[in-house]
Amino acid sequence: MQTLPETINTVAELEEVLSRPSERLVEFVKGLEGDIMVIGAGGKVGPTMCRTAKRAIGAAGVKKDVIAVDVAPLDALAKEGIKTVQCDLLDLDAVAKLSKAANIVYMIGMKFGATGKEALTWAINVTAPYHVARSFTQSRIVAFSTGCVYPVVHVTTGGSVETDPADPVGEYAQSCLGRERMFDYFSQTAGERVLQFRLNYAVELRYGVLVDVAAQVAAGKPVDVTTGFANVLWQGDVCNQALLSLGQATAPATILNVTGPETISIRRAARQFGELLGKPVTFTGEENGRGYLSNATKANALFGNPTVPAGTLIRWIAHWMKIGGATSGKPTHFETQNGKY
Ligand SMILES: NC(=O)c1ccc[n+]([C@@H]2O[C@H](COP(=O)([O-])OP(=O)(O)OC[C@H]3O[C@@H](n4cnc5c(N)ncnc54)[C@H](O)[C@@H]3O)[C@@H](O)[C@H]2O)c1
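Okay, so let's go over this structure. These numbers come from a predicted model, not from an experiment.

The rules we used
- Each chain has its residues counted from 1, following the order in which its sequence is written.
- Only residues with pLDDT of 70 or above have their local features reported here, since the model is predicted, and side-chain atom pairs are shown and tallied only from 80 upward, although totals for entire chains, interfaces and linings are computed over all residues.
- To get the side-chain values, take all heavy atoms of the structure and skip hydrogens and water.
- Residues belong to a common nonpolar core when they are buried Ala, Val, Leu, Ile, Met, Phe, Trp, Tyr or Cys residues joined through side-chain atoms within 4.5 Å.
- The buried label goes to any residue with under 20% of its type's maximum accessible area, the exposed label to any with over 50%, and the partly exposed label to all in between, with areas taken from a 1.4 Å probe on protein chains only.
- Each helix corresponds to a stretch of at least 4 residues labelled H or I by DSSP, and each strand to a stretch of at least 2 residues labelled E; elements are numbered beginning at the N terminus.
- Contact criterion: two residues are considered in contact whenever any of their non-hydrogen atoms come within 4.5 Å of each other.
- Proximity is defined per residue: any heavy atom of the residue falling within 4 Å of a molecule or strand makes that residue near it.
- In the analysis that follows, any N or O atom pair within 3.5 Å is treated as a polar contact, provided that within protein one partner can donate a hydrogen and the other can accept it, and provided that, for residues neighboring in sequence, both atoms belong to side chains.
- Computed with the Shrake-Rupley method and a 1.4 Å probe, the accessible areas treat only the protein chains shown as cover for residues.
- Angular values range over 0 to 180 degrees, each being the angle between N-to-C directions of two axes fitted as lines to C-alpha atoms, with helices fitted over their stretch in contact.
- Oblique is the label for any angle not under 35 degrees, not over 145, and not in the 65 to 115 range, which are roughly parallel, roughly antiparallel and roughly perpendicular in turn.
- The handedness criterion is simple: a crossing whose near helix is rotated anticlockwise from the far helix by less than a right angle is left-handed, and one whose near helix is rotated clockwise is right-handed.
- Residues were grouped as follows: Ala, Val, Leu, Ile, Met, Phe, Trp, Tyr, Cys and Pro as nonpolar; Asp, Glu, Lys and Arg as charged; and all remaining residues, including Gly, as polar.
- Each Phe, Tyr or Trp ring (for Trp, its six-membered ring) is paired with any other whose centre lies within 6.5 Å, and the angle between the two planes then decides the class: stacked below 30 degrees, edge-to-face above 60, tilted in between.
- Cation placement over rings: the criterion is NZ of Lys or CZ of Arg within 6 Å of the ring centroid and within 35° of the ring normal.
- A pair of strands counts as paired when DSSP detects no fewer than two bridges linking them.

All right, on to the nonpolar core then. If you look at the biggest cluster of nonpolar residues, it comprises 42 residues, and the most contacted ones within it are Leu205, Leu210, Trp234, Ile266, Phe273 and Ile317. Those elements that place two or more of their residues in this core are α1 (11-18), α7 (170-190), α8 (209-218), α10 (266-277) and α12 (310-322). With eight residues, α12 is the largest single contributor of residues to this core. Once residues lying within four places of it in the same chain are set aside, the contact partners of Leu210 are Val203, Val232, Ile264, Ala269, Phe273, Leu313, Ile314 and Ile317. In terms of nonpolar packing, the next biggest core, distinct from the first, is built from 40 residues, Val26, Val45, Leu244 and Leu256 among them.

Dropping the structure here:
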């Protein structure tokens, strides 16, 4: 296993650490048949996914393509030798022209601004998955979903588990369950092999729950601790686990919660950021003990502990803030409990 750096100082270093394939992933890729297509490759997680897959293929010494698909241009990935296809997945004819890759990581989604754009949210979160699910019945599909398909739960529950019934609050979360249902339908009727990848919060140095907390502390703003607990997972581990999950796709579909093993206390994380940044920390609200909390025991048993522990993440993020590293400027809204994004 490669050692983790003390600090990360440039975007290039960050991308390198983010996209490290695990030895287990390299072994898995050696036995994986067919190309890997990442649909929705231009978002926050997609580029890391493509790079991790490409590095795993290189390290495995096998020949297969990584094909990145998105409605947005993917120039940076194209320059790195990843095949790119610009395609609007709402266009059924365009979807039909995509090559039939044996392995699909499906990552398209619309979250922010969903309130007020309900029709578009449902189209992107349900119609686009329908197009893919009906076109790729012979493929293995890891379909990105979210812990928001569960209800908000109290921290004393230990987080929602895969056997808990879905009960999404608000149209965004409902449309995400719709996304799962499109894949479920073809999994049940056409034998499509699917894994529903219920992710709770990828985090890296430019965005994520911990970056949201660090940014509040750095700006001297009070940290709202009403939603006082969250689960996060280093984005590099998200991508390794997603690619390994291709081997877990089944018909009918398998559900997998994906997040870190710790339940992060927002208050404690804020205090740590305060110490590391040399800033006083103030709070607003009181923990009500509730949030979108997921129990990832099943994923943990399958894939082991994350390569980057929460403490290291906090230290890296504080350093990144100190050196003025770029952030996405897109807060996660993890504190939302009413389903409105
Ligand atoms: N990032 C997280 O922490 C997180 C947490 C829970 C769930 N998820 C889920 O994981 C998935 C990936 O996360 P992300 O943060 O990278 O999402 P993102 O919103 O950053 O990226 C989604 C991508 O989908 C593309 N897209 C949208 N409509 C399209 C269309 N019609 N045709 C082709 N491409 C289209 C967008 O251009 C974008 O590149 C999302 O679907 C989300 O529901 C993410």
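Let us keep going from here.
This part takes up the site of the ligand. Close to the ligand lie 24 residues; Gly43, Asp70, Asp88, Arg179 and Ala202 are nearest. At a separation of 2.9 Å, an oxygen atom of the ligand approaches a polar backbone atom of Val45. Look at the ligand: alone it shows 820 Å² of surface, and the protein chains cover 86% of it. Of all the secondary structure elements, the ones that give two or more residues to the shell around the ligand are β5 (140-146) and α7. Sorting elements by how many residues they give to the shell around the ligand places β5 first, with three residues.

Viewed as axis vectors pointing N to C, α8 and α12 meet at an angle of 45 degrees, and their least axial separation amounts to 10 Å. In terms of their interaxial angle, α8 and α12 are classed as oblique. Of the two elements, α8 crosses α12, and the hand of that crossing is right-handed. Judged by residue contacts, Leu210, Val211, Ala214, Ala215 and Ala218 of α8 engage Leu313, Ile314, Ile317 and Met321 from α12. The residue makeup of the contact of α8 with α12, split by class, is nine nonpolar, no polar and no charged.

One pass over the full model with this rule turns up five aromatic pairs. Judged by centre distance (5.2 Å) and plane angle (65 degrees), the ring pair of Tyr106 and Phe183 falls under edge-to-face. With Tyr106 in strand β4 (residues 103-106) and Phe183 in helix α7, this pair connects stretches of sequence that are 77 residues apart. Judged by its relative accessible area of 0%, Tyr106 is buried. These aromatic residues form a ring-pair network of at least three members: Tyr130, Tyr185 and Phe186. The lysine or arginine in question, Lys100, covers the ring of Phe136, its NZ or CZ lying 5.1 Å from the ring centre.

The next thing to look at is α8. Where burial is concerned, most of α8 is hidden: seven out of the ten residues are buried. Buried within α8 are the following residues: Val209, Leu210, Val211, Asp212, Val213, Ala214 and Val217. Contacts made by the buried residues of α8 are with β8 (202-203), β9 (223-224), β10 (229-230), β13 (264-265), α10 and α12. Downstream of α8 by one or two residues, Gly220 has phi in the positive range, about 70 degrees.

Looking now at the sheet that holds strand β1 (residues 36-39). Pairing is parallel in the open sheet, where seven strands are placed in the order β3-β2-β1-β4-β5-β7-β12. The open sheet has two free edges, formed respectively by β3 (83-86) and β12 (254-258), since each of these has just one partner strand. Taken pair by pair, the neighbouring strands of this sheet meet at an average axis angle of 20 degrees, ignoring direction. When β5 meets strand β7 (residues 193-199), the two strands line up parallel, connected through seven bridges. Residue pairing in the sheet places Thr146 in a bridge with Leu199 of β7. On top of the sheet, α7 reaches β4, β5 and β7; it is set at about 160 degrees to β5, its chief contact. Strands in contact with helix α9 (residues 235-244) are β1, β4, β5, β7 and β12; relative to β7, the strand with the most contacts, it is inclined by about 160 degrees.

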